[in-house]
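The residues making up each chain are set out below.
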Amino acid sequence: MHQFNLVLLGPPGAGKGTQAGRIVAEYGIPHISTGDILRAAVKNQTALGLEAKKYMDAGELVPDSVVIGIVKDRLQESDTQRGFLMDGFPRTIPQAEALDEALQGLGRAITKVIVLLVDEEILVKRLTGRRICRSCQTPYHVMFTPPEQEGVCDKCGGELYQRDDDTEATVRNRLAVYRKQTEPLIEYYDRSGVVVRIDGAQEAEKVFEDIREALGPA
Ligand code: ADP
Ligand code: AMP
């Protein structure tokens, strides 16, 4: 069976969450967002959440051992048989190596890495105006992609909120962390020929069309 073992890569604000919703609906694979998993842990005040919060608030990465453990557990669940969409993971070379190793153990490998490219000044505008649904995590933007009714999710009626780390100072640090620790992953995956580069500055619907063209039929 053809598998869709996908990684969505790109700086904070590139549109990963926005495109993830569309991709998982089209391809019928689960959306695995380490950011969403960590925010849920923070909200529920679990031991994981308490540890992760200090890194997240500073715009730093949570330690590799912690996020690698989360993803390995998640990959054991049966809904990942046909594939998955990783969003916000891996973010470091050790995370990418651990993912390759875990997949190898399951007789699988990454089939495509979709890289969303967007200029830094656009990213800052996108992140500082972002609002997220508390229930289904769908991202909106106060100017670029506003919901029909202010503060309310179009999809599920949930309440929209602003993430604690979407302030300008934290955003700048997150972008610096991306350049230093995550961008080298593009070269890492280029070596296995699985990278597709997409212009993420286009309108969201056009970005999705390009992704669908690169991935082929479901
Ligand atoms: P990421 O998951 O990569 O951090 P998001 O998908 O949350 O990024 O998008 C960041 C912000 O930019 C959100 O407010 C979202 O509504 C907005 N956005 C996403 N894609 C586009 C686009 N193609 N054009 C304009 N705004 C966008
Ligand atoms: P995101 O929702 O992907 O923007 O992630 C929000 C924050 O969660 C990041 O700034 C990190 O602090 C943390 N985080 C999410 N995914 C990872 C990861 N793969 N490795 C380390 N930290 C992560």
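Look up: the structure comes first, before these words.
Residues numbered from 1 in each chain as written. Chains lettered and ligands numbered in written order. Predicted model: local features only at pLDDT ≥ 70, side-chain atom pairs only at ≥ 80, totals over all residues. Heavy atoms only, no water.

Enquirer: Lay out the overall build of the chain in plain terms, naming residues and giving numbers.
Expert: Across its full length, the chain holds nine helices and eight strands. Scaling as 2.2 N^0.38, a compact globule of 218 residues should have a C-alpha radius of gyration of about 17 Å, and the chain matches this with 16 Å. The principal-axis extent of the C-alpha atoms belonging to the chain is close to 45 × 40 × 30 Å. Classification of the 218 residues of the chain by burial places 46% in the buried group. Counting only carbon and sulfur atoms, one obtains 49% of the accessible surface of the chain, whose full area is about 10900 Å². Of note, the chain has its 27 positive side-chain charges centred 1 Å away from the centre of its 33 negative side-chain charges. (Helix = DSSP H or I, 4+ residues; strand = E, 2+ residues; numbered from the N terminus. Rg over C-alpha atoms; globule rule 2.2 N^0.38 Å. Buried < 20%, exposed > 50% of the residue type's maximum accessible area, 1.4 Å probe, protein only. Areas by Shrake-Rupley, 256 points an atom, 1.4 Å probe, with all protein chains shown as cover. Lys, Arg positive; Asp, Glu negative; His and termini not counted. Charge placed at Lys NZ, Arg CZ, Asp CG, Glu CD.)

Enquirer: Describe in detail unusual backbone geometry, supporting the description with residues and values.
Expert: Residue Pro90 follows Phe89 across a cis peptide bond; omega there is -10 degrees. Positionally, Pro90 belongs in the loop between strand 3 (83–87) and helix 5 (93–105). The backbone of Gln45 sits at a positive phi, close to 55 degrees, despite the residue not being glycine. Topologically, Gln45 is positioned in the loop between helix 2 (34–43) and helix 3 (47–58). Note on Gln45: relative accessible area 61%, which makes it exposed.

Enquirer: Can you explain the sheet that holds strand 2 (residues 31–33)? Please cite residues and give values.
Expert: The strand order across the open sheet formed by five strands is 2-3-1-4-8, and the pairing between neighbours is parallel. Of all strands in the sheet, those with a lone pairing partner are strand 2 and strand 8 (195–199), marking the two edges. Neighbour to neighbour, the strand axes of the sheet diverge by 20 degrees on average, direction disregarded. Direction of pairing for strand 2 relative to strand 3: parallel, over a ladder of three bridges. Bridge pairing in strand 3 links His31 to Leu85. (Pairing = 2+ DSSP bridges. Axes fitted to C-alpha atoms, helices over the stretch in contact; angles between N-to-C directions.)

Enquirer: A description of the site of ligand 2 should follow, citing residues and the corresponding values.
Expert: Near ligand 2, the surroundings consist of 16 residues, among which Thr34, Arg39, Glu60, Gly88 and Gln95 are the closest. Within the backbone of Gly88, a nitrogen or oxygen atom sits 2.9 Å from a nitrogen atom of ligand 2. With respect to ligand 2, the side chain of Gln95 contributes an N or O atom lying 2.9 Å from a nitrogen atom. Across the complex, the protein chains shield 96% of the 480 Å² of accessible surface that ligand 2 would expose by itself. Classifying every residue of the shell around ligand 2 gives six nonpolar, four polar and six charged. (Near = heavy atom within 4 Å. Polar contact = N/O pair within 3.5 Å; in protein donor to acceptor, adjacent residues only side chain to side chain. Nonpolar A, V, L, I, M, F, W, Y, C, P; charged D, E, K, R; others polar.)

Enquirer: Which residues make up the sheet that holds strand 5 (residues 130–133), and what values go with them?
Expert: Pairing within the open sheet is antiparallel, and its three strands lie in the order 6-5-7. The open sheet terminates on both sides in strands that have one partner only, identified here as strand 6 (139–141) and strand 7 (160–161). As defined by bridge partners, strand 5 adjoins strand 6 across three bridges and the pair is classed as antiparallel. Following the sheet pairing, Ile132 is matched in strand 6 by Pro139.

Enquirer: How would you explain helix 1 (residues 16–27) if you had to name every residue and give the values?
Expert: For helix 1, which comprises 12 residues, the first-to-last C-alpha distance of 16 Å matches the rise-based estimate of 16 Å (1.5 Å per residue) to within 8%. Residues of helix 1 that are buried: Lys16, Gln19, Ala20, Ile23, Val24 and Tyr27. In an axial view of helix 1, the angular spread of the buried residues amounts to 130 degrees, which keeps them on one side of the axis. In the core, the buried residues of helix 1 are packed alongside strand 1 (4–9), strand 2, strand 3, strand 4 (112–117) and helix 9 (204–215). Two residues or fewer after helix 1 comes Gly28, characterised by a positive phi angle close to 65 degrees. (Expected span 1.5 Å × (residues − 1). Arc of directions from axis to C-beta. Contact = heavy atoms within 4.5 Å.)

Enquirer: Outline the pattern of salt bridges, listing residues and values.
Expert: Per the stated rule, a full pass over the model turns up 16 salt bridges. Here Asp79 makes a salt bridge to Arg74, at a shortest N to O gap of 2.8 Å. Residue class for Arg74 comes out buried when judged on its relative accessible area of 16%. Its salt-bridge partner being Arg172, residue Glu168 comes within 2.9 Å of it at the nearest N-O pair. Taken together, the residues span about one helical turn, with Glu168 and Arg172 both in helix 7 (residues 168–182) at a distance of four residues. With relative accessibility at 42%, the residue Glu168 sits in the partly exposed group. Of the residues examined, Arg172 reaches a relative accessible area of 34% and is grouped as partly exposed. (Salt bridge = Lys/Arg side-chain N within 4 Å of Asp/Glu carboxyl O.)

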